[in-house]
Amino acid sequence: ALVANYQRYLLQERGLSEQSSVPCYLRVAREFLAYRSIGDPVELGELTSVEVTEFVLWQSATRSVGYVKSINTRLRSLLRYLELEGLTMNGLIGAVPSVAGWEMTGLPQAISSAEVEQLLGACDRSRPIGRRDFAIVTVLARLGLRAGEVAALQLDDIDWRAGEISVHGKANREDQMPLPHEVGEAIVGWLQDGRPRCASGAVFTRILAPHRGLSARAVSGVVRQACRRAGLPSMGSHRLRHTVATETLRAGGSLSEVAHLLRQRSLAATSIYAKVDRRALTAVAQPWPGGVA
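As the structure is a prediction and not an experimental result, all values here were calculated from the model.

**Student:** I keep staring at the overall build of the chain and nothing clicks. Help me out?
**Tutor:** Scanning the chain from terminus to terminus reveals 13 helices and 3 strands. Split into buried and exposed, the 293 residues of the chain put 41% on the buried side. A separation of at least 24 residues holds for 56% of the contacts in the chain among residues at least 6 apart in sequence. Here the chain displays about 16,000 Å² of accessible surface, and carbon together with sulfur accounts for 52% of that area.

Right, here's the structure in full:
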């Protein structure tokens, strides 16, 4: 009941996406309540700041910096809700420790065009599940969508006559994108010869009943399974988004064009791709002091 009420809060008060964001927030909520062995809302009144900190430290022992940061964001959201409902003491949000991590320190991890073709070739299009997976990987690799955006695609989002697709992104943002022939052809192959007849309006659904739409996690799972079949190291769907951005720069595109393609509101989020634009970096590189060793 507590999780159900929290879910309504996320949807109605916070306006988070029901398909992509809310499941992630609920997963952290369940993990935290299970860690504390809370079976009754009354027990939340005994929750201490030490237990909040211990939960984060327990998670960080086996998680990446980025993942722990996302856990902290979702944990703070839960604690804020519990405080608003008067179920916990005030100030527990401050017990969530910050995660040491510096922006712009790494490089976007892209894959080569040949590896993208390996992923696509690993999807057996003679079977319905293969046609679905091929369409999903094609959408990710050609349009640079996030996993949650692919999962949120509805049949009504595709305007076949205009050759456009509506993408539902973060913060309930909706963008119109051109639908390349290759992407449209892959989706049609799935819709005509793979997708089960069902009441769901989602473009990508489960093959077996119940035929509901896929989750963001399931979309990422499609990429990982394709990696396994192709003999490539396991990777998430976001690696294909990095690939789209990197290939656009290498083809002569600008950072502003990459930002527009990825539908990022700020160039600051796109600026990390400047590190992989060797052509632009060469133009501004300064000679090493004292000459070449």
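**Student:** What exactly am I supposed to notice about unusual backbone geometry here?
**Tutor:** Residues other than glycine predominantly adopt negative phi, and peptide bonds predominantly adopt the trans conformation. With an omega of 0°, the peptide bond running from Ala209 to Pro210 counts as cis. Here Pro210 lies in the loop between helix H8 (181-193) and helix H9 (216-230).

**Student:** Honestly, the environment of Leu26 in this entry has me stumped. Any pointers?
**Tutor:** Structurally, the position occupied by Leu26 is in helix H2 (residues 21-35). If we skip the residues at most four places from it in the chain, Leu26 touches Val3, Tyr6, Gln7 and Leu10.

**Student:** For this particular structure, what's the right way to read the packing of helix H1 (residues 2-12) against H2?
**Tutor:** The packing of two helices is summarised by the inter-axis angle and the distance between the axes. At a minimum axis distance of 10 Å, the contact between H1 and H2 shows a crossing angle of 150°. Classified by the angle their axes make, H1 and H2 are roughly antiparallel. The hand of the H1/H2 crossing is right-handed. Each of Leu2, Val3, Tyr6, Gln7, Leu10 and Leu11 in H1 lies in contact with H2, whose residues at this interface are Val22, Tyr25, Leu26, Ala29, Arg30 and Leu33. Across the contact of H1 with H2, the residue classes break down as 10 nonpolar, 1 polar and 1 charged.

**Student:** Would you mind showing me how to read the pattern of salt bridges here?
**Tutor:** Side chains carrying opposite charge are able to pair once their charged atoms draw close together. By the definition in use, this model includes 8 salt bridges. Salt-bridge contacts for Arg132 lead to Asp133; the nearest nitrogen and oxygen are separated by 3.1 Å. Among the ionic pairs, Asp175 bridges to Arg173, the shortest N-O distance being 3.1 Å. Salt bridges linked by common partners bring Glu117, Arg142 and Glu182 together as one network.

**Student:** How should I be thinking about the packing of helix H10 (residues 238-250) against helix H11 (residues 255-262) in this particular structure?
**Tutor:** Remark: H10 packs on H11, axes separated minimally by 9 Å, with the N-to-C direction vectors making an angle of 150°. The orientation of H10 with respect to H11, classified from their angle, is roughly antiparallel. Handedness of the H10/H11 crossing: right-handed. Along the contact surface, H10 presents Arg241, Val244, Ala245, Thr248 and Leu249, while H11 presents Leu255, Val258, Leu261 and Leu262. Tallied by class, residues from the contact of H10 with H11 come to 7 nonpolar, 1 polar and 1 charged.

**Student:** Looking at this structure, I do not really get H9. What am I missing?
**Tutor:** An α-helical segment advances 3.6 residues per turn. Residues three or four places apart therefore align on the same side. With 15 residues, H9 extends 22 Å between its outermost C-alpha atoms, agreeing within 8% with the 21 Å of an ideal straight helix rising 1.5 Å per residue. Within the span of H9, buried status applies to Ala216, Val219, Ser220, Gly221, Val222, Val223, Ala226, Cys227 and Ala230. Residues of H9 that are buried in the fold lie against helix H5 (113-121), helix H6 (128-143), helix H7 (147-152) and H10. Gly231 occupies a position one or two residues after H9 and carries a positive phi of about 75°.

Definitions and limits used
- Residues numbered from 1 in each chain as written.
- Predicted model: local features only at pLDDT ≥ 70, side-chain atom pairs only at ≥ 80, totals over all residues.
- Heavy atoms only, no water.
- Helix = DSSP H or I, 4+ residues; strand = E, 2+ residues; numbered from the N terminus.
- Buried < 20%, exposed > 50% of the residue type's maximum accessible area, 1.4 Å probe, protein only.
- Contact = heavy atoms within 4.5 Å.
- Areas by Shrake-Rupley, 256 points an atom, 1.4 Å probe, with all protein chains shown as cover.
- Axes fitted to C-alpha atoms, helices over the stretch in contact; angles between N-to-C directions.
- Parallel < 35°, antiparallel > 145°, perpendicular 65-115°, else oblique.
- Left-handed = near helix turned anticlockwise from the far one by under 90°.
- Nonpolar A, V, L, I, M, F, W, Y, C, P; charged D, E, K, R; others polar.
- Salt bridge = Lys/Arg side-chain N within 4 Å of Asp/Glu carboxyl O.
- Expected span 1.5 Å × (residues − 1).

The analysis is restricted to geometry; functional conclusions fall outside its scope.
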